[in-house]
Structures are given as C-alpha cells and as structure tokens.
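Residue strings, one per chain:
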Amino acid sequence: MELFKTLEEFDYENVILCHDKTSGLKAVIAIHDTTLGPALGGCRMWTYDTEEDAINDALRLARGMTYKNAAAGLNLGGAKTVVIGNPRKDKSEALFRSLGRFIEGLNGRYITAEDVGTNMKDMDYISMETNYVAGLAEKSGDPSPFTAYGVFRGIQAACEEVFGTTELKGKTVAIQGVGNVGYNLAKYLHEAGARLIITDIFEDNVKRAVSEFNAEYVKPDDIYGVDCDIFAPCALGAVINDETIPHLKCKIVAGSSNNQLKEERHGEILQEKGILYVPDFIINAGGVINVAEELHPSGYNKERAMRKVSMVYDNVKKVLQKSKEENIPTCIAADMVAEDRIKTIAGVRDNFIKKV
Ligand SMILES: NC(=O)C1=CN([C@@H]2O[C@H](COP(=O)(O)OP(=O)(O)OC[C@H]3O[C@@H](n4cnc5c(N)ncnc54)[C@H](O)[C@@H]3O)[C@@H](O)[C@H]2O)C=CC1
Ligand SMILES: O=C(O)CCC(=O)C(=O)O
C-alpha cells in the first residue's frame, strides 16, 4: 500500500494508528481536512479481512466526512475512526476507554461519535477519557433516527424531482439493511404509506421490520433486482457497482450508506440509465447535523436539531438543481457544492484580521 501517495493525492492531514496491548485496541483515526473546524466523524467497528482494508475504509470515510460536513453547512472538518474487531463479540470498557485516550491526545482536532458497530454505551466509555466525543445519551443521543429523518426528507426531494410530488403513499421502497438507520427510515416511510421491501443479514432485524411495518423480505443478493421506485442502501458502502447496476429497476437511489458508489464513474452510469442518484453525503447528514448541535454555544436542543435536519430536503434540492443547470452527474454536483464552501470560507477567514 502506497499510503503517502494516497495522502498526497487526496490531501489528507493525518493518519493515526492506535495500538494498546491491555485492551487489545487496534484502531485507525484518519483526519482528512480541518479547514472549516475540528474534524468530526464517527467511530466504526468492523471485522476487516486485512489491515489495509481497515486503513482504506478509514481514509475513504474521513474524506466523505469533510464533504458531508461542508455541504451540510457545518463549521467542522472531516475524520473517521475505524476499530478493528467484531462489534458483537470484541467490545469492552477498556477498548473504548483506550481509544478515548488516543482521541484526548489529539487535543480537540478530532471529535468522535457513533457509526456502524458502535453505540451510546461505547461513547460513554470514550467520554470517561476525553470530552472530544459527541452522541452521548444525556445530550444528542443516538444519531440514527436523525439520519433516518434526513434520508426521508431527501427521498421526498428526489420524489418531487422525478415524480412531481413529495407524496410517498403507494411508492415502493427497497431498503438494504434495516439496522439503526434503515429501521428508523422504514418507520417514516411506513407512516407515509410506502410499500416496503427489505433485506438484512441478521434475522432479528428482518423480523422486526417485517412485523412492525408489514415489509416484504428478500434475500440480500436479491434486493438489487426488485421492482421498486426507490432503492435505499442503508448497510455498507460500494454497493453501486458494475455487478449491481445492471439489475437495478428503480428510478431513484437514495439511502444512508456512506460511499455508496464504488467509483465515481458509477454515478455517471446511473445518470445514463435515467436513475436519479442522491449523493450519500448530502442525504445522510442528519446524524452529524444532530451531534454537531452538542457543540452549539447554548447547548443541545432537540427542536433546533430537527429543524436543521429537515433542511436536508433543501440541500438535496440544491445539488439536483446544480446537476441540471450544469448538466453534470449529481455526485459531481455534490462535490462541487462542498468544495465551493470550503474554498469560500477559507477565503473569508483569510480576509481582514490575520492571526499572528
Ligand atoms: N447511524 C448513523 O447515524 C449514520 C449512518 N450512516 C451510514 O448508514 C449505514 C447504516 O448505518 P447504521 O444503520 O448505523 O448501521 P447498522 O450496523 O445499525 O445497520 C446496518 C445494517 O445493515 C445490515 N447489513 C450489513 N451487510 C448487509 C448486506 N450485505 N445485505 C443486507 N444487509 C446488510 C446489518 O446487518 C445491519 O442490520 C452505514 O453505511 C453508515 O455508515 C451514515 C450517516 C450516519
Ligand atoms: O452521525 C454520527 O454519529 C457522526 C457522523 C458520521 O460519522 C457520519 O455521518 O457518518
């Protein structure tokens, strides 16, 4: 792996490998860009096949957070932590406290929160060693319902674009992964009258969605080919690729997963096929918008957070508009929105009084 070449190519600031014998911690903290402020991004725990896979995941996710935070209008940079291990077997107080000590050592350049495989209890352990952690139970809590609400609002914006209405009654939505976000998204969609087709690799998650939302179940590999209006990836990344695209029968791809496109060209292929892709980092920003509210000078306020999360609708509209005006794929329009904001705010900060 040519790590420094990657860091140079995509302008990463810092990669920290965390190792602690006592707790068994093996983690990667990747800080991509702190132009807009301290880097905020969740902590993922996953069983990676190789250490290289874990580092690559941390790098890709961290860069995604820079773009997500910028496009969401937050004064935060982008980073991510990846803990190597099985979240159903390998968690302990010591593991997360150990990670907390590494985060404390960064002195505020990085603030962590939940992601796939971690939860509020893990954040509580981290908070015993550092204040640079958000998504705590007594503050903003679990970000997933907020992410789900943002995805729901983004789906409404996409429906307005494609079907001329935000109405979801009678629309069929295929959800890949009914974990924390997928389950809450299913709830919003069910309440709005949508028909749901779901899949998951865990039986308990499948049973919950089927019984609570009258959802139909298909096997994980069959979700791509189901007849639906909207395909909502809410599991892991790179699911829009050369193998899956030919199966898609939907009109819209809009879900919570980070890094849904295996490569940028897959966004272009979707456009050629007449499928509207709602860029992941625009539509899934609800969770980070909510946790960022913990940093508000007057403290966390749920109503204010929900109002801001609801604006994912406007952020999606803005990207779709840019894509149409400039005749470019939505994934490129989204990148431009984020990059423009970073450049403009960096310029503003360079004006007037210079720091000595
Ligand atoms: N939790 C949050 O607030 C946010 C989550 N995201 C992203 O949304 C996605 C989902 O996150 P969470 O719901 O928090 O994670 P989760 O771990 O609670 O849920 C993911 C679900 O996907 C299932 N799954 C995994 N591989 C699968 C496969 N091949 N086929 C079908 N199902 C599969 C898992 O069994 C699990 O139920 C992730 O990509 C995450 O990075 C993005 C922004 C915020
Ligand atoms: O929502 C969170 O917990 C933090 C932000 C994050 O990691 C994400 O949006 O992927």
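Bear in mind that the values here come from a model prediction, so they are computed numbers and not experimental data.

(A) Structural detail: the UniProt feature "active site" (unreviewed entry) in the protein. Here, the residues flagged by UniProt with the feature "active site" (unreviewed entry) are Lys 80. Along the chain, Lys 80 turns up in strand 5 (residues 77–84). The contacts of Lys 80, once residues within four sequence positions are left out, are Val 28, Ile 29, Ala 30, Gly 41, Gly 42, Ala 58, Leu 61, Ala 62, Met 65, Tyr 110, Asp 115 and Asn 258.

(B) Representation of the site of ligand 2 within the structure. By nearness alone, every residue bordering ligand 2 is listed as Gly 41, Gly 42, Met 65, Lys 68, Lys 80, Ala 113, Glu 114, Asp 115, Pro 143, Asn 258, Gly 287 and Val 288. Gly 42 has a polar backbone atom sitting 2.7 Å from an oxygen atom of ligand 2. Contacts to ligand 2 include Lys 80, whose side-chain N or O atom sits 2.7 Å from an oxygen atom. Contact with the protein chains removes 95% of the 280 Å² of surface that ligand 2 exposes when unbound. Those elements that place two or more of their residues in the shell around ligand 2 are helix 2 (51–71) and helix 10 (286–292). Looking at the shell around ligand 2 residue by residue, the classes come out as 4 nonpolar, 4 polar and 4 charged.

(C) Region of interest: the site of ligand 1. Contacts to ligand 1 come from 23 residues, most closely from Arg 44, Thr 147, Asp 200, Asn 205 and Ala 235. Ser 144 is positioned with one of its side-chain polar atoms (N or O) 3.3 Å from a nitrogen atom of ligand 1. Here ligand 1, which alone exposes 820 Å², has 87% of that area covered by the protein. Secondary structure elements with two or more residues in the shell around ligand 1: helix 5 (144–163) and helix 6 (180–191). Residue composition of the shell around ligand 1, by class: 8 nonpolar, 11 polar and 4 charged.

What counts, and where the lines are drawn
Residues numbered from 1 in each chain as written. Chains lettered and ligands numbered in written order. Predicted model: local features only at pLDDT ≥ 70, side-chain atom pairs only at ≥ 80, totals over all residues. Heavy atoms only, no water. UniProt positions renumbered as here; feature names shortened; annotations may be inferred. Helix = DSSP H or I, 4+ residues; strand = E, 2+ residues; numbered from the N terminus. Contact = heavy atoms within 4.5 Å. Near = heavy atom within 4 Å. Polar contact = N/O pair within 3.5 Å; in protein donor to acceptor, adjacent residues only side chain to side chain. Areas by Shrake-Rupley, 256 points an atom, 1.4 Å probe, with all protein chains shown as cover. Nonpolar A, V, L, I, M, F, W, Y, C, P; charged D, E, K, R; others polar.

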